[in-house]
Amino acid sequence: MTGPKSCVDPLFWRLGNSYNSDMRRRLFFLLLGILCAFPVLADAPAFDLIGPKVDVHVKRGDITLPIGQVPNLLPGDRLWIHPDLPESQSTHFVLVVAFLRGITNPPPPEWFTRVETWSRSAREEGVFVTVPQEAQQALVFLAPETGGDFSTLRAAVRARPGAFVRAAQDLQAASWDRMRLNAYLAEVKISSAGDQKLLKERAEKAAKTLGIRLDKECFDKPTDQQAPCLTQHTDGLVLDDANTQSMITQLANGAAGDLMNQLSYAPSAGAGIYSPYVGAVLDTARILSSLHTAHFQYIPALALPLKDTLNLHLNFPPSFRDPKSVIVVALPPVGPAIAPPLHSDDPSEGYCVQRPGVSLEAEGAPLVFATQMAHSLSLVVDTRLGPVNIPVTADAAAGGFVFEHSAPALPGGELTGVLKGKWGFDDWDGPHFKLLAPEPGKWTLAASDQLALIVGRQDTLHLEGPNCLCVEKVDEKNAAGDTLKLTWKAAKPQTLEVFMPMKDASPGNVTVEVHQYGLSNPDTLSLQAYAEAASLEHLALSSGDPTAELTGTRLDEVEKATLNGITLTPDGLKRVADVDKLSMKTVDSTAGLEAGKSYMAAVKLRDGRQLKVPVTVDPPRPQVTLLSKGVQDEANEAPSPVHLGSPDDLPIEGRLVFFLKSRVPANFPRSEKIEVAADDDSFHTELSVADGSLMLEDSETALGVVEPLAKFGSSAFGPLRVRPVSADGVAGDWVELGTLVREPGFGTLRCPRSYIRPCTLNGSNLFLARAFSATPDFDNAVDVPPEFTGTQLTVPHPAGGVLYLKLRDDPGTVQTLNVTPIFPVSLPAPQSSAAPKSAAPSPVAAPETVPAGNQPAPQPTTAAAPQAATPPASPAAPQAAPGAPAKPAPATAAQSSPPGGEKPAAPKPEP
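Summarised in this report is the structure supplied together with it. (Residues numbered from 1 in each chain as written. Predicted model: local features only at pLDDT ≥ 70, side-chain atom pairs only at ≥ 80, totals over all residues. Heavy atoms only, no water.)

Some points on the overall build of the protein
Looking only at helices and strands, one finds 11 helices and 51 strands in the protein. A total of 911 residues make up the protein; the buried ones form 46% of that total. Counted over contacts in the protein with a minimum sequence separation of 6, partners at least 24 positions apart contribute 68%. Here the protein has roughly 44500 Å² of accessible surface; of this, 52% comes from carbon and sulfur atoms. (Helix = DSSP H or I, 4+ residues; strand = E, 2+ residues; numbered from the N terminus. Buried < 20%, exposed > 50% of the residue type's maximum accessible area, 1.4 Å probe, protein only. Contact = heavy atoms within 4.5 Å. Areas by Shrake-Rupley, 256 points an atom, 1.4 Å probe, with all protein chains shown as cover.)

In structure tokens form, the structure reads like this:
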């Protein structure tokens, strides 16, 4: 052994060198001899040579079946075998029928029957053979006539029965798998001539029922390439079937078996091309290795039965010279039949028995669809009038079983059908199927759609009935008798969704007809079409709430709603996007409504129509009551000079504290939060026990603390409110807390001695004040422009050191400013009783007018921000009386002292 032979892959040469023992070396050379004996194995097609035909009938008791319907033989069966050779057959074949009884028990000589196929009796009558007792396998050999042919073959079988047993098993399994493949290829060929959509649907179903590997990427190819793609690499398409013996099995245990497995996957052993049949090829090669003589060689044949004929397919062309070829054919195994494990695709899925082309889908037993072994099939339907048998046929492309003819009329409703038939000679009960038969007069309009048919738009109706599977079509019939086909779909197993073209329709009667398979008359529904009205989606409220919210469209037509004896009336309509939201209120208690329970409310429209709407009842929302509130100043800060005129005004600079008592639930949950927010939600914050901003006083009461300036900033103002928020995010009702106000920063108030003269008020952010007055009724008040930017403001002379003001954040409340005026020290204090009533002072700080010769000493001045120039006095202004102080010219709060703080010269009195 100096190197690899031309017929041996170098891999096998290396493997042979690794076997050191003599036994392994002998086995290796034996396998090399097998492979070298078949140099055409890697290039020949897979069993595509058409061989001779053999007709076979099997009689068991009084029943005779063709071989195509026989999955197994039993001892005592009488076989009729007839070689179907042409009249012109020039080579005489000897047909040998042999029975085996296992791998360790050679068969007796009488278990071999020799038939001379060229004889007149064999051609015209065939031969009868009885299956002997204890037989387990059956083989047929076709060998060219030669001297000693029968004795040589019998001696070979009796000498090595195990090899022939294995060959019989693998050849039979390979034949069945080849029939599965042929059924799939035939279906693809037929379907490819039609619609490509139909090809995809039927190919997928056929592959599923026959156990064929389907390459779904083939459907992405151009139309003319799909069918060739689905049928390429045919020998690799067959998948393992639990009910069929595996195509490739170990030939022996241990190292020899491992080596044979490795060889079976090598190209030289037919891997890739012959993988479904490699077991039979290797077994036959093994027989050849032990029985090869100078006169005979053995070739396997796949027997593909059709009715009573075994159609033989060969992998190698037979030889009629030494060594002559012996064709080996396997008959069905001898032993009890194993029923196919067929089961329904989906036991819960129903089938309408009257629907044309209905297929009862099943899987799990490819041989039921690929062979004729399952025969005399019928669907036995159990009805109250007795069983009804409906003949069916296995159709792999339909994915199951189809009726041979239209199903008879059956009682309406749900029925059960059982697949019954024969598996060979044995009775067979297959899977159960849920069946549905149409029932007349059962289709009605859904309760929620009784008033939902509105003209002027595309509308949708829901029809309810026994099942949608038996619905054939839905039509609309108008007053003129014309029929319009409607589009519909099965929204649920018992609900049809019908699309109604009502855009150009008029209010009035509408007739809808539901046609069902198997029924001559449709179900007729008389409906009423309305002008566009309110469309109701749902009513939502929380248990215990006096308010609810109705969602839908055109809710302005709602007059009232009734729920469990509770009457709700509209309380405000708003529109969000394309949906109306109608707030509704009631004076009745809603505490008796159970959260999560299904309710339906009756809604009455203003035109008298009654509509139904589903109701969602949520758990009770948390509710609190405000017990008290207050504002705390910092201990190290001076109190504000402003005394707020309303307890609802809350200064932003203070610390806001308030007590809340829980009403729902009775105890204040520790996980509950308190939301503090503006009315317009422009600012908000949350208080909680966890962060210390909320403190429980007891199990029912909590203290909330918030610093508005720190939380909201200096731009926060206006109404402030609070509400509880549960741990799962459910918010309660808002509770008004007060009005957040900002105060100016007030400085000094400088006033003249004369009470008729105005004062000058210094401060910051004076624009936060809206008006000042010396009296609480705001007579002759001074308004502060909203765009005021100065730090000095002319205000009325206070009476008793008290000024009244209105803040811009709460202009409806009168506040009190307690500030001590600063008077000039050089002037005598004016007598208040002599002060005449005058017009409202200008907010500009004006000089005091005194008689000539009695000018007061100059007063100290302070720097002021630049102010607008004083407009000239009107010529028509009244003049002061001789000797009396002149009235100052009118001015606005935007005016102040001239630059430098100097006072203008006093006007001279009139002569």
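Structure shown, so let's carry the discussion forward.
As for the pairing of strand β44 (residues 745-750)
Bridge count for β44 against strand β45 (residues 759-764) is four bridges, and the pairing is antiparallel. The partner of Phe-746 across the bridge, within β45, is Gly-763. (Pairing = 2+ DSSP bridges.)

Examining the sheet that holds strand β28 (residues 547-553)
Spatial ordering of the closed barrel is given by β27-β28-β31-β30-β29-β32-β33, a layout of seven strands whose pairing is mixed. Between one strand axis and the next, the sheet turns by 35° as a mean value, whatever way the strands run. Summarising the sheet, strand β32 (residues 599-605) and strand β33 (residues 610-618) pair through six bridges and their orientation is antiparallel. Within β33, the residue paired with Ala-602 across the bridge is Lys-612. (Axes fitted to C-alpha atoms, helices over the stretch in contact; angles between N-to-C directions.)

Structural notes on the state of the cysteines
Inspection of the entire model under this criterion finds three disulfides. Between the sulfur atoms of Cys-218 and its disulfide partner Cys-229 the distance amounts to 1.9 Å. Around the S-S axis, the bridge from Cys-218 to Cys-229 shows a dihedral of about -65° and counts as left-handed. Separated by 11 residues along the polypeptide, Cys-218 in the loop between α6 (196-210) and α7 (223-230) and Cys-229 in helix α7 bring together distant segments of the chain. A relative accessible area of 9% means that Cys-229 is categorised as buried. There is a disulfide in this structure between Cys-352 and Cys-470, and the S-S distance comes to 2.1 Å. Between Cys-352 and Cys-470 the disulfide shows an S-S torsion of about 115°. By sign, it is right-handed. Remark: Cys-470 occurs in the loop between β20 (458-464) and β21 (471-477) and Cys-352 occurs in strand β12 (residues 350-352); sequence separation between them is 118 residues. Note on Cys-352: relative accessible area 2%, which makes it buried. (Disulfide = S-S within 2.5 Å.)

Some details on the layout of surface pockets
Its volume calculated, the second largest pocket comes out at about 650 Å³. What lines the second largest pocket is a set of 25 residues, among which Asp-633, Ser-640, Pro-651, Glu-653 and Glu-743 lie closest to the centre. Every element with two or more residues in the lining of the second largest pocket is listed here: β35 (642-643), β36 (649-651) and β44. Residue classes in the lining of the second largest pocket are distributed as 13 nonpolar, six polar and six charged. (1 Å grid on protein atoms, 1.4 Å probe; cavity = no way out; pocket = protein on both sides within 12 Å on 5 of 7 lines; lining within 4 Å. Points joined across faces, edges and corners; volume = space filled by probe spheres on them. Nonpolar A, V, L, I, M, F, W, Y, C, P; charged D, E, K, R; others polar.)

Some words on empty space enclosed by the protein
Where empty space is left can be seen by rolling a probe of water-molecule size over the atoms. All chains considered together, the criterion is met by six cavities of 30 Å³ or more. Of the pockets and cavities examined, the largest cavity occupies roughly 90 Å³. The wall of the largest cavity is formed by 14 residues, among which Ile-67, Gln-172, Trp-176, Pro-305 and Pro-332 lie closest to the centre. Residue assignment for the lining of the largest cavity shows that the elements contributing at least two residues are α5 (161-191) and β8 (296-306). A per-element tally of the lining of the largest cavity places α5 first, with three residues. A breakdown of the residues in the lining of the largest cavity according to their chemical character gives 11 nonpolar, three polar and no charged.

A short note on the packing of aromatic side chains
This structure, assessed with the given rule, holds seven aromatic pairs. For the pair Tyr-351 and Phe-433, a centre-to-centre distance of 6.1 Å together with 75° between the ring planes defines the contact as edge-to-face. Taken together, the residues span a long stretch of sequence, with Tyr-351 in strand β12 and Phe-433 in strand β18 (residues 426-437) at a distance of 82 residues. Within the aromatic cluster, the residues linked to one another by ring pairs are Phe-141, Phe-164 and Tyr-298. The lysine or arginine in question, Arg-78, covers the ring of Phe-128, its NZ or CZ lying 4.1 Å from the ring centre. Above the plane of the ring of Trp-111 lies Arg-101, whose end atom (NZ or CZ) is 5.1 Å from the centre. (Phe/Tyr/Trp six-rings, centres within 6.5 Å; stacked < 30°, edge-to-face > 60°. Lys NZ or Arg CZ within 6 Å of the ring centre and 35° of its normal.)

Points about α6
Helix length check: α6, at 15 residues, gives a terminal C-alpha distance of 21 Å against a target of 21 Å (1.5 Å per residue), a fit within 8%. When α6 is considered as a whole, its buried residues turn out to be Leu-199, Ala-203, Ala-206, Ala-207, Thr-209 and Leu-210. Looking down the long axis of α6, one finds its buried residues gathered within 165° of arc, a one-sided arrangement. One or two residues past the end of α6 sits Gly-211, with phi positive at roughly 70°. (Expected span 1.5 Å × (residues − 1). Arc of directions from axis to C-beta.)

Some remarks on the pairing of strand β49 (residues 802-807)
Pairing analysis gives four bridges linking strand β46 (residues 769-773) to β49, with the strands arranged antiparallel. Following the sheet pairing, Ala-771 is matched in β49 by Lys-806. Relative to strand β50 (residues 810-818), β49 is paired through five bridges, and the arrangement is antiparallel. Each bridged residue has a counterpart across the sheet, and for Leu-803 the counterpart in β50 is Leu-817. Counted along the chain from β49 to the antiparallel partner β50, the turn is two residues long.

Brief notes about a negative patch on the surface
Taken together, the side chains of Asp-633, Glu-634, Glu-637, Glu-653 and Glu-707 make up a negatively charged region of the molecular surface. Residue Glu-653 is classed as partly exposed on the basis of its relative accessible area, which comes to 45%. (Patch = residues over 30% accessible without salt bridge, like charges linked within 9 Å, V, L, I, M, F, W, Y side chains within 5 Å. Salt bridge = Lys/Arg side-chain N within 4 Å of Asp/Glu carboxyl O. Lys, Arg positive; Asp, Glu negative; His and termini not counted. Charge placed at Lys NZ, Arg CZ, Asp CG, Glu CD.)

Re the sheet that holds β20
An order of β19-β20-β24-β23 is seen for the four strands of this open sheet, with the pairing classed as antiparallel. Looking at which strands have only one partner, the edges of the open sheet turn out to be β19 (444-445) and β23 (487-492). Bridge analysis of β20 against strand β24 (residues 495-501) gives seven bridges, and the strand direction is antiparallel. Bridge pairing in β24 links Gln-458 to Pro-501.

What to know about unusual backbone geometry
Here Val-664 and Pro-665 are connected by a cis peptide whose omega angle stands at -5°. Considering the arrangement of structural elements, one finds Pro-665 in the loop between β37 (655-664) and β38 (673-678). Although it is not a glycine, Phe-778 adopts a positive phi angle of roughly 60°. Within the element layout of this structure, Phe-778 appears in the loop between β46 and β47 (782-783). Accessibility expressed as a relative area gives 14% for Phe-778, which makes it buried.

Thoughts on the packing of α6 against α7
Packing of α6 against α7 leaves a shortest axis separation of 11 Å and a crossing angle of 20°. One element, α6, and the other, α7, form an angle in the roughly parallel class. Crossing angle aside, the handedness with which α6 passes α7 is left-handed. In contact with Gln-196, Leu-199 and Ala-203 of α6, α7 contributes Thr-223, Gln-226, Ala-227 and Leu-230. Its residues assigned to classes, the contact of α6 with α7 comprises four nonpolar, three polar and no charged. (Parallel < 35°, antiparallel > 145°, perpendicular 65-115°, else oblique. Left-handed = near helix turned anticlockwise from the far one by under 90°.)

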